[in-house]
Amino acid sequence: MRAISLASGSKGNSTYISSDDVNILVDIGLSCLNIEKRLKKIGVNPSNIDAILITHEHTDHCKGIGVFAKKYGTKVYFPQCGYDFLIGQLMGVNPKQIIPFTSSQFTIKNTTINAFELPHDSHFCYGYSIEKNGQKISIATDLGHTNYKIIQNLQNSDIVFLESNHDENLLINNPNYSASLKSRILSPRGHLSNINCAKTIEQLVYSGVKQVILAHLSEENNTPILAYNTIVDYLKSVGIIEGKHVFIDIAPQYDVGNLFEIRNTII
Ligand SMILES: [Zn+2]
Ligand SMILES: [Zn+2]
């Protein structure tokens, strides 16, 4: 399996994940044109995208879905409970392409998808695990906190894209943010801070996760180096060494990220 972040952060999110039989985009929070450019950069023809999985209805995750799905005939998957909040964005898309799911586990071709709820201030929000041939790639962004069920879904993943949204001090002291916006972000249904991301990674490492990509970093209340250092320092304090027990990378906002490939194929 392979995974590449195409965009990550409040200006737009999209992650490309592929197995040997499917090409998936989790969210298209950029214009269709921008996604086409980024797919071209990684050598993927947009017509070969089999499915778009939607996490939630916020614009930074949905912006280009309708135009892309209409242009390429791509199937769009999201939980049934999100139907009323997404259908407006999918106007003109062939109804056969719109697939609201009711079960937390389903398949696309022979690849298994597990969907799990995330606590966020949207009408619905889901993370996804994509599994094939004993390999597993998971994504969880836009979540105010983690809980046992989320950890359970992420554990044993080969690769996890996990939100590391903000540094709590930078956010609290940011003069450009209103008190209500700060409390929304800091709430249990807001966004995951660097330190809470670090504590989540600690739990994931014990379950065998070896690669984590920090995602959805705030431009104003975080920096890639601050997120990385906060997490690496915390992990070190609990005896987990980055580069030995776990590898940490960062998904950039304005460019495609690094390619991650699971090589030790178990077939
Ligand atoms: Zn959101
Ligand atoms: Zn978001």
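Residues numbered from 1 in each chain as written. Chains lettered and ligands numbered in written order. Predicted model: local features only at pLDDT ≥ 70, side-chain atom pairs only at ≥ 80, totals over all residues. Heavy atoms only, no water.

Draft legend 1. Main features of the overall build of the protein chain. Looking only at helices and strands, one finds 9 helices and 14 strands in the protein chain. Each of the three principal axes of the protein chain carries a C-alpha extent, and together these read 50 × 50 × 35 Å. Within the protein chain, the proportion of its 267 residues that are buried is 56%. Long-range pairs, those at least 24 residues apart, make up 65% of the contacts in the protein chain between residues at least 6 apart in sequence. About 11700 Å² of surface is accessible on the protein chain, with carbon and sulfur atoms providing 50% of the total. Between the mean site of the 23 positive side-chain charges and the mean site of the 24 negative ones, the protein chain shows a separation of 5 Å. (Helix = DSSP H or I, 4+ residues; strand = E, 2+ residues; numbered from the N terminus. Buried < 20%, exposed > 50% of the residue type's maximum accessible area, 1.4 Å probe, protein only. Contact = heavy atoms within 4.5 Å. Areas by Shrake-Rupley, 256 points an atom, 1.4 Å probe, with all protein chains shown as cover. Lys, Arg positive; Asp, Glu negative; His and termini not counted. Charge placed at Lys NZ, Arg CZ, Asp CG, Glu CD.)

Draft legend 2. Spotlight on the coordination of the zinc ion (ligand 2). Protein-derived coordination of the zinc ion (ligand 2) comes from D60 (OD), H61 (NE2), D142 (OD) and H216 (NE2), at a distance range of 2.1 to 2.3 Å. For the zinc ion (ligand 2), the 4 donor atoms in the first shell make angles of 92 to 163° at the metal, a pattern classed as irregular. Separating the zinc ion (ligand 2) from the zinc ion (ligand 1) is a distance of 3.4 Å, and D142 supplies a donor atom to each of them. Among the residues examined, H61 registers a relative accessible area of 0% and is labelled buried. (Donors = N, O, S within 2.8 Å, 3.2 Å for Na, K, Ca; no water. Tetrahedral: all angles 85-135°; square planar, octahedral: opposite > 155°, others 65-115°.)

Draft legend 3. How the structure looks around the sheet that holds strand β6 (residues 98-101). Taking strand neighbours across the sheet as the criterion, the 7 strands line up as β6-β5-β4-β3-β2-β1-β14 in an open arrangement whose pairing is mixed. Single-partner strands in this sheet number two, and they are β6 and β14 (260-261). Sheet topology note: the strand β3 (residues 23-26)/strand β4 (residues 51-53) ladder contains 3 bridges and is parallel. Paired with V26 across the bridge in β4 is L53. (Pairing = 2+ DSSP bridges.)

Draft legend 4. Expanded view of the coordination of the zinc ion (ligand 1). Protein ligation of the zinc ion (ligand 1) involves H56 (NE2), H58 (ND1), H120 (NE2) and D142 (OD), the donor distances falling in the range 2.2 to 2.4 Å. Geometry at the zinc ion (ligand 1) is irregular, judged from its 4 donor atoms and the angles of 89 to 173° they form at the metal. Sequence positions of the donors to the zinc ion (ligand 1) reduce to the motif H-x1-H-x61-H-x21-D.

Draft legend 5. The arrangement of the packing of aromatic side chains in detail. Applying the stated criterion across every chain, the model contains 6 aromatic pairs. With a centroid separation of 4.8 Å and 45° between ring planes, the pair formed by F68 and Y72 is classed as tilted. You can see F68 and its partner Y72 sitting in helix α3 (residues 65-72), 4 residues apart, about one turn around the helix. In this structure F68 comes out as buried when scored by relative accessible area, which is 0%. (Phe/Tyr/Trp six-rings, centres within 6.5 Å; stacked < 30°, edge-to-face > 60°.)

Draft legend 6. Looking closely at empty space enclosed by the protein. Using the criterion set out here, one finds 1 cavity of 30 Å³ or more in the structure. Considered as a void within the structure, the largest cavity measures approximately 80 Å³ in volume. Surrounding the largest cavity, 14 residues form its lining, S8, N13, T15, I139 and T141 being those nearest its centre. Contributions of two or more residues to the lining of the largest cavity are made by β1 (2-7) and β2 (14-18). In terms of residue class, the lining of the largest cavity is made up of 6 nonpolar, 7 polar and 1 charged. (1 Å grid on protein atoms, 1.4 Å probe; cavity = no way out; pocket = protein on both sides within 12 Å on 5 of 7 lines; lining within 4 Å. Points joined across faces, edges and corners; volume = space filled by probe spheres on them. Nonpolar A, V, L, I, M, F, W, Y, C, P; charged D, E, K, R; others polar.)

Draft legend 7. Layout of unusual backbone geometry. At N133, a position not held by glycine, the phi torsion is positive, near 50°. Structurally, the position occupied by N133 is in the loop between β9 (126-132) and β10 (135-140). Assessed through its relative accessible area of 29%, N133 is described here as partly exposed. Unlike most non-glycine residues, N156 shows phi in positive territory, near 65°. When you line up the elements, N156 lands in the loop between α5 (148-154) and β11 (159-163). Residue class for N156 comes out exposed when judged on its relative accessible area of 51%.

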